[in-house]
Amino acid sequence: MSTYILKRLLQGIPTFFGVTIIAFLMMLSAPGDPIALITYNPTREDPAVTESLRRKLGLDEPPFVQYIYWLVGNDWTKIDMDGDGEGDTYGERKGLLRGDLGQSLKHRRPVSELLIEKIPATLLLTFSALIVGYSMGIFLGILAAINHKTWVDQMVRIISVMGNSVPQFWLGLILIIIFSVQLNILPMSGMRDITRRSGGIDMIETAKHMLLPVLVLSLGTIAFISRFTRAGLLEVFEQDFVRTAKSKGIANRRVWWIHALPNALLPVATFIGPALGTLLAGAVIVEKVFSWPGMGRLVVDGVFNRDYPLVMGSVVVASLMFIVGVLISDILYAWLDPRIRFK
Amino acid sequence: MTVTTPTTTLLKLEEDAPQKTRSLWQNAIRHILGDKLTLTALLVLGIMTLLCVLGPPLVENVLELDVNRVDIPNKFLSPGAEGHILGTDHLGRDQLIRLLYGGRVSLAIAYSASVMTILIGVTLGLISGFYGGRIDDLITWVVTTLSSVPALFLLLIAAAIWTPSAKLLIILLALLGWVGTCRLVRGEVLALKEREYILAAQAVGVSNSRVVISHILPNVLPIVIITMTIIAGNLILVESGLSFLGVGVQAPTPTWGNMLTDARSYFNIGTHLVIWPGILIMVTVLCFYLVGDGLRDALDPRGSWRLTE
């Protein structure tokens, strides 16, 4: 088992570097001079000052060196501040691998600090959606498989197809119109107030704020997982060991819960990782609809402000969360199903 | 009244018996013709496409409307108002004509981006699966990497860097969307490569490119077509999501997505502006998915691809 985990960890490394390369290439291909974004008005600045800023940030270096600086920092090498070709002082950047994602251009604060502030809210949203999506999805899937070819099965199928094809933000808007504007029973936004309020967190109030966003975000997962569980169960029902169990005279209920379900649910476990990725992306949209104070809104605002360090940092962190999610679900799967380990 | 003699029964039996030479595609068409749900979905998609392609000039002429004519005094008219069947938006523009023009852009993006996605994905999948070796390693690495970044994040950045027109958006969507197809095709090719008829073809000296084009490609085509309809549906959702975030196709060009973005600010006054574009998106995506499902049933009777999605 530990060799399997080690192997998967090692496989994650080239992927992570790939992600950093993509993020860096995008940052590099962005039009406009980064200095102009920092100083607002480059024409009024002293050319000598911008020049030394450029050197300090390493922007005079070729792309490959810039990438290395971004990745591992430049505090281990002397950088040339006055342009005479010799290193003068040590750099100040620690680099991505040591948790330094650079300074946000807009907020003038370290990107890592901004992200740490916002990530809990996003994780709260995505993990609630993951739990709701999985439990509802598995429940509906079982319901459909047990009642195969009845109206229940059809209903679940309709829910699943509809859940896949409705635009999340539109559903969010419609739910806001119904529950917040017309019926006035749920708040349409304002999660921010709760996270900022000092003292204890009011559970009921929080739940009220979470209900709609989590429901909207989890719908895709519910749709997918219910379909997958249903198909898996129907397939397992056909297999010999289930028939044997039935012919031994074991009660139907016992056959379903003890023999069929664990086997049908095995593959469902592998989708926790990919589902997490979908949810992280979906959260960007849902956070905007419900003004949820998470990472998604930070990124969208960063995109509009051309705050590249912030955006690149968020991409790397979001991908890292995704890679770790996939890793955990793979390990979980290998732990549940020993056949995988020995492949 | 006809008399059933042994000979006529025999003839009738012969007619009913499945022809030996009926191909996978003929079978599939027969299957779809008997599948009412898929037929309906296809019909709705067809009508929707035709309406969006041919509709705008017609409606403009008949109702004497112009897609970009701003008419502030008549803003937020409800559906059914005189001259505006589906009402007007916050600038007094007619919603019906904007929906038709928006559909044109949204559907054009969905169709062309899905075709491009498939072209890239299939080509790279075939190369990677068939030739293997270094090139396979490279393509697999790109695929794993690209699929480890939540795609929306990449699209967001790309869209922010190059403010997209519809054409640029199509290219971006295709460049970031091909990985799933590539992985799928690669898997299929790896399985096909070991089959006897491929080995036989290679044994008699058929060139590699010919093996790929005439023996492997036709066998991955069914799954590719199924994937393409699903992707087209997905793309409509992605386009609307990007527009909603403000990085999609920019105003004044209407798309179903950015019509909703505008409507969002006025949902108190103009609920009809929220409802209609959303319903059109949902129905179109639903139809794409249903067609995909129907094709899967028709092209894959054994159901071996059921769980691959």
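Residues numbered from 1 in each chain as written. Chains lettered and ligands numbered in written order. Predicted model: local features only at pLDDT ≥ 70, side-chain atom pairs only at ≥ 80, totals over all residues.

### A word on helix α1 (residues 2-29) of chain A
Taking 1.5 Å per residue as the helical rise, α1 of chain A with its 28 residues ought to reach 40 Å, and the 41 Å between its terminal C-alpha atoms agrees with that figure. The set of residues buried in α1 of chain A consists of Thr15, Val19, Thr20, Ile22 and Ala23 of chain A. The inward-facing, buried residues of α1 of chain A contact α4 (63-72) and α14 (308-336) of chain A together with α5 (133-146) of chain B. (Helix = DSSP H or I, 4+ residues; strand = E, 2+ residues; numbered from the N terminus. Expected span 1.5 Å × (residues − 1). Buried ≥ 20, exposed ≤ 12 C-beta atoms within 10 Å, placed from the backbone. Contact = placed C-beta atoms within 7 Å.)

### Things to note about the interface of chain B and chain A
Taken together, the 35 residues of chain B in the interface contact 37 residues of chain A. Where the side of chain B that touches chain A is concerned, the elements lending two or more residues are α5, α6 (151-161), α10 (208-245), α11 (256-264) and α12 (271-299) of chain B. Partitioning the side of chain B that touches chain A into residue classes produces 24 nonpolar, 9 polar and 2 charged. (Nonpolar A, V, L, I, M, F, W, Y, C, P; charged D, E, K, R; others polar.)

### Here we look at the environment of Glu287 of chain A
All names here are of chain A. Its place among the elements puts Glu287 in helix α12 (residues 272-289). The sequence separation of Glu287 and Phe17 amounts to 270 residues, and the corresponding C-alpha distance is 28 Å. Apart from the residues within four sequence positions on either side, Glu287 is in contact with Trp292, Gly294, Gly296 and Arg297.

### Examining the nonpolar core
With 145 residues, the main nonpolar core has Val286, Val299 and Val315 of chain A together with Phe153, Leu156, Ile157 and Leu235 of chain B as its most contacted residues. When residues in this core are grouped by element, the largest group, 15 residues, is from α10 of chain B. Ignoring anything within four residues of it in the chain, the contact list for Leu235 of chain B reads Ile109, Ala110, Ala113, Ser114 and Leu173 of chain B. (Core = buried A, V, L, I, M, F, W, Y, C linked by C-beta atoms within 7 Å.)

### Things to note about the confidence of the model for chain A
Across chain A, the average pLDDT comes to 79, with 85% of residues at 70 or higher. Of all helices and strands in chain A, the one with the weakest mean pLDDT is helix α8 (residues 191-196) of chain A (55), whereas helix α5 (residues 111-146) of chain A scores best (88). (pLDDT = per-residue confidence, 0-100.)

### Looking at the environment of Gly180 of chain B
Mapped onto the secondary structure, Gly180 of chain B falls in helix α8 (residues 179-193). Note: C-alpha distance between Gly180 of chain B and Ile275 of chain B (95 residues apart in sequence) is 32 Å.

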